[in-house]
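Topology and contacts: notes
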Amino acid sequence: MNVADSQRVDSALEQLGYVPTLQPEQADIIILNTCVVRQSAEDKAYGRLTSLRPVKEKNPQVIINLMGCLVGVKDNPGLLKRFPYVDVLSPPSDPRPLLNFLAQREGRQIEGAETLERFALMDGELILPSNGKEKPVCGFIPAVYGCSYACTYCIIPYRRGAEQSRPPKEILNEAHSMVRQGVKEITLLGQIIDRYGKDRPGYPDLSGLLRQLHEIDGLQRIRFLTSHPNYINDELLDCVAELPKVMPHIEVPIQSGDDQVLANMKRGYTVEQYRRLIERIRAHIPNVYIANDIIVGFPGETEAQFQNTAALVAELKLDVAHLARYSPRPGTVSERRMADDVPAEEKKRRFRVLEELQTGISAGINAQYLGQTVEVLFEEKSRQRWKGRTPQNKLVFVETEQDLRGKILPVRITWTGPWTMIGEPA
Ligand code: SAM
């Protein structure tokens, strides 16, 4: 989501004539887009922000824009007190404060203001930033902003605000405009993407939206994330199975493999329901890739409860598990009402146990591709090798002098590891 948000600001600035640089000392505007989902991310943001102070002292003209979840959707005057050298605060997904600041500063006339308004409203005519390089092959489109679900550990609803589906026309316009600029794959984004349209009468649901996207000529692949176990329905699974452009790729976090912990997290489902969901997904979509998120060390998580999670990971054998150590977030229910009582060292140990388990599972799944031919969409060249993904989201590297950008080609897999594969053009 932050990549998509940054891309939108980038796009607006490039259209105003700015060019990108990665050197803060050379910049006229520095934008720090932040995540606070865990304390480690928040600390990183503070670290970067602090490192910008000498840059501002040396060059007082530089505009420093702090964006994203560190700012949040509510007024946050404390931030400006703490970091007085920040010029503009922008909530997540909202470039307007920066664009308005620039308009005021540069005294732009009405034409400029209209342009700014157009970007700010994000009416769909997104010009992809080139970043001085070639345009991207894969694009991200936010379909649902914010989140109204109340997982007890999660800060996102507080910082990104209430759930809000974007109008389908806006999403489709944006997709058309991306495809015109060479994008081959689009990923729809939302904290609970399968809730798309549920907050807006008259909007299609996610299946309806996917069917409309599927009609776009030139668009080759469609993905969506993240799903919630309570909102994936059979219609959606049928849609993924039926529509050739929708990839067999589901991201559906369980968070814990223990019913009591799930209840404490207020996730709204049991382990058995999740187990049955995985069976249903696999029955509907052949060769499906399923990714999972898990938090270890949630308040009160006992060794036995953790072992339930480990046993479930071993049983379900999903493709990937995004692991996190529980981090109390300010203002959340778990932070206010539950003691963070699993020691840091123990959280690390549990993390490592699951990491090792999942690495073995992922390596085993990927090894089945050895010698097989898979369709790879190539995205970019990285250190002499072309990087691309299979329909199942597996990262594949191919060494070749040919320009493979944006091409979908059959690749014979010659080496596999838990996270990547190597192949040669078939
Ligand atoms: N909306 C998705 C969901 O409902 O699962 C994912 C959102 S979040 C950006 C990505 C992951 O961060 C979550 O799935 C969860 O595993 C992790 N996460 C969120 N809050 C956390 C916390 N307080 N401590 C540790 N991990 C957390």
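The structure contained in this document is the topic of the report that follows. (Residues numbered from 1 in each chain as written. Predicted model: local features only at pLDDT ≥ 70, side-chain atom pairs only at ≥ 80, totals over all residues. Heavy atoms only, no water.)

The next thing to look at is the sheet that holds strand 11 (residues 320–325). As summarised here, the arrangement of the three strands in space is 9-10-11, forming an open sheet in which the pairing is parallel. At either margin of the open sheet sits one strand with a lone partner, and together these are strand 9 (249–251) and strand 11. In this sheet, neighbouring strand axes are inclined to one another by 15° on average, regardless of whether the strands run parallel or antiparallel. (Pairing = 2+ DSSP bridges. Helix = DSSP H or I, 4+ residues; strand = E, 2+ residues; numbered from the N terminus. Axes fitted to C-alpha atoms, helices over the stretch in contact; angles between N-to-C directions.)

Here four bridges tie strand 14 (residues 395–398) to strand 16 (residues 420–425), and the two strands are oriented parallel to one another. Considered in strand 16, the bridge of V396 is made with M421. One ladder, built from five bridges, connects strand 15 (residues 408–416) with strand 16; its direction is antiparallel. When the sheet's bridge partners are listed, T416 is paired in strand 16 with M421. Between the end of strand 15 and the start of strand 16, which pair antiparallel, lie three residues.

Residues in contact with the ligand amount to 16 residues; listed here are only the nearest, Y153, Q191, Q255, D293 and S327. Within the side chain of R38, a nitrogen or oxygen atom sits 3.2 Å from a nitrogen atom of the ligand. The side chain of D293 places a nitrogen or oxygen atom 2.5 Å from an oxygen atom of the ligand. Compared with its free state, where it exposes 560 Å², the ligand has 87% of that area covered by protein. Taken together, the residues that form the shell around the ligand break down as seven nonpolar, four polar and five charged. (Near = heavy atom within 4 Å. Polar contact = N/O pair within 3.5 Å; in protein donor to acceptor, adjacent residues only side chain to side chain. Areas by Shrake-Rupley, 256 points an atom, 1.4 Å probe, with all protein chains shown as cover. Nonpolar A, V, L, I, M, F, W, Y, C, P; charged D, E, K, R; others polar.)

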